[in-house]
Amino acid sequence: MKIGSEEHKTLFCQSLIESHVQYEPENLPWPELDATTLDRLRGIPFWDEALYTERKAGVMLQTYADTVDDPLIREAIALQAREEDRHGRVIEYMIRHYGIEVPERAEKPLPADLEPAFVKFGYGECFDSFFAFGLFGIARQAGFIPEALFTIFDRLVEEEARHMVFFVNWIAYKQTVEGQGLLRPFNSLRQYTGAMLRRLDNLKGMSRQGKKSTHKKGFTAAGAKAIKVDLSLDTFLATCLQENQKRMSGYDPRLLRPEFLPTVTGVALNAVKLFPKRKQKVIVDPA
């Protein structure tokens, strides 16, 4: 398929639209939890960041969608906005249902120029979700919370995967029709590098301040100390690659997938295998 063609646009938009699943948070099968599991769930420090990030994403994407001229792309981005908003409502319902304390935060105003904000958000979501897939799989295998809760949150993880596929195809389409198709690899490198540096800065800031809250961007990376697993680095990287492949395998083969992080992680994994294995604690964020 020719990237930037009408056929390409129709495919990546319809793929998102037609795979949308209707559900409401209050109708999901929320399990009864014992006191130990409740304490564990309440002790996870990133619920506030997850809640406010998803809320803001829903508003930002809907506001941006209203500015898009192409009706099909506008419909797809508006659908993603509704799904991001629903992610926030799922987390909000869970917080109320299980009595999780979350500090109140004032909502920040949206940026004046929404398209660069959407691009930044999309690359950041691809960065966070790649590692979240692996962390989710590790936490699930460890039985950190009941399987019934993992089943509920698996819906959100699958929707994030759909958003990633839509975004990388949308940005490739946009850059191609604007005559910047040859610069796509360099733009991706710049954006992913920026996403990584922002998250590293946030983690350093949290470490200096000794904060328990993840009131920072990139809560997957900063979802501090949810559980600790005695896991080698190569096993962690391999799990991220395996989980990413599993999440990406169900989409039309003509669609682009995020390739930058899997490629870099594959190179890193091969390099790590050259050194003796050293067990180390890996912070696992099951969101």
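Residues numbered from 1 in each chain as written. Predicted model: local features only at pLDDT ≥ 70, side-chain atom pairs only at ≥ 80, totals over all residues. Heavy atoms only, no water.

Some details on the packing of helix H3 (residues 47-65) against helix H4 (residues 71-97)
Interhelical geometry of H3 versus H4 gives an angle of 155 degrees and a closest axis separation of 8 Å. Regarding the angle of H3 to H4, the classification is roughly antiparallel. In terms of crossing hand, the pair formed by H3 and H4 is left-handed. The residue inventory of the contact of H3 with H4, partitioned by class, reads 13 nonpolar, five polar and six charged. (Axes fitted to C-alpha atoms, helices over the stretch in contact; angles between N-to-C directions. Helix = DSSP H or I, 4+ residues; strand = E, 2+ residues; numbered from the N terminus. Parallel < 35°, antiparallel > 145°, perpendicular 65-115°, else oblique. Left-handed = near helix turned anticlockwise from the far one by under 90°. Nonpolar A, V, L, I, M, F, W, Y, C, P; charged D, E, K, R; others polar.)

Remarks on helix H9 (residues 233-248)
Its 16 residues place the ends of H9 23 Å apart at the C-alpha level, agreeing with the 22 Å of an ideal helix rising 1.5 Å per residue. Within H9, burial applies to Asp234, Phe236, Leu237, Thr239, Cys240, Glu243, Asn244, Arg247 and Met248. (Expected span 1.5 Å × (residues − 1). Buried < 20%, exposed > 50% of the residue type's maximum accessible area, 1.4 Å probe, protein only.)

Re a nonpolar patch on the surface
Together, Met196, Leu197 and Leu200 make up a nonpolar patch on the protein surface, roughly 250 Å² of accessible area in all. Take Met196: it is sitting in helix H7 (residues 184-209). (Patch = residues over 30% accessible without salt bridge, like charges linked within 9 Å, V, L, I, M, F, W, Y side chains within 5 Å. Areas by Shrake-Rupley, 256 points an atom, 1.4 Å probe, with all protein chains shown as cover. Salt bridge = Lys/Arg side-chain N within 4 Å of Asp/Glu carboxyl O.)

Considering the environment of Lys108
Relative to the assigned elements, Lys108 resides in the loop between H4 and helix H5 (114-142). Taking the relative accessible area as the measure of exposure, Lys108 reaches 59% and is therefore exposed. A sequence separation of 56 residues divides Lys108 from Tyr52, and the C-alpha atoms of the two residues are 9.8 Å apart.

Some points on the confidence of the model for the chain
Overall, the prediction assigns the chain a mean pLDDT of 87, with 86% of residues at 70 or greater. When mean pLDDT is compared element by element in the chain, helix H1 (residues 6-18) scores highest at 98, while helix H8 (residues 219-222) scores lowest at 44. Counted against residues more than four places away or in other chains, residues 211-225, with its pLDDT under 50, gives 45 contacts. Low pLDDT, under 50, characterises residues 282-287; the stretch is placed with 33 contacts to residues that sit more than four places away or in other chains. (pLDDT = per-residue confidence, 0-100. Contact = heavy atoms within 4.5 Å.)

Quick look at the side chain of Gln80
In this fold, Gln80 is placed in helix H4. In this structure, Gln80 is in contact with Leu16, Leu61, Phe118, Phe121, Glu125, His163 and Phe166, ignoring residues within four places of it in sequence.

Observations regarding helix H6 (residues 147-177)
Compared with an ideal rise of 1.5 Å per residue, which puts 31 residues at 45 Å, H6 spans 45 Å between its outermost C-alpha atoms and is within 8% of the ideal. Remark: the principal bend of H6, roughly 30 degrees, maps to Phe153. Counting buried positions along H6 gives 23 out of 31 residues, so the element sits mostly inside the fold. The first or second residue beyond H6 is Gly179, which carries a positive phi of 80 degrees. (Bend = angle between axes of the 7 residues up to and from the residue.)

Digging into the packing of aromatic side chains
Applying the stated criterion across every chain yields a total of 18 aromatic pairs. With 6.2 Å between their ring centres and 75 degrees between their planes, Trp30 and Tyr98 make a pair best called edge-to-face. With Trp30 in the loop between H1 and helix H2 (35-42) and Tyr98 in the loop between H4 and H5, the pair connects residues that are 68 residues apart, well separated along the chain. On the basis of relative accessibility, which here comes to 11%, the residue Trp30 falls in the buried class. According to the relative accessible area criterion, Tyr98 is buried, its value standing at 5%. Pairing Phe118 with Trp170 gives two aromatic rings, centres 4.9 Å apart and planes at 55 degrees, and the pair type is tilted. Taken together, the residues Phe118 in helix H5 and Trp170 in helix H6 connect sequence positions 52 residues apart. The two residues Phe118 and Trp170 agree in class, both being buried. Among the aromatic residues, ring-to-ring pairing joins Tyr64, Phe118, Tyr123, Phe167, Trp170, Tyr192 and Phe260 into one connected group. Over the face of the ring belonging to Tyr23 we find Arg86, whose NZ or CZ atom lies 3.6 Å from the ring centre. Positioned above the aromatic ring of Phe133, the side-chain terminus of Arg247 is 5.9 Å from the ring centre. (Phe/Tyr/Trp six-rings, centres within 6.5 Å; stacked < 30°, edge-to-face > 60°. Lys NZ or Arg CZ within 6 Å of the ring centre and 35° of its normal.)

Structural notes on the nonpolar core
In this structure, Trp30, Leu41, Trp47, Ile77 and Trp170 are the most contacted members of the largest nonpolar core, which totals 82 residues. Broken down by element, this core gets its largest block of residues, 16 residues, from H6. In this structure Trp170 touches Phe12, Tyr64, Ile73, Ile77, Phe118 and Val119, once residues within four positions along its chain are discounted. (Core = buried A, V, L, I, M, F, W, Y, C linked by side-chain atoms within 4.5 Å.)

Re the packing of H6 against H9
A pair of packed helices can be characterised by two numbers: the angle between their axes and the separation between those axes. Direction vectors running N to C along H6 and H9 enclose 75 degrees, while the axes themselves pass 10 Å from each other. Classed by the angle they form, the pair H6 and H9 counts as roughly perpendicular. Facing Asp154, Val157, Glu158, Ala161, Met164 and Val165 of H6, the residues of H9 in contact are Asn244, Arg247 and Met248.

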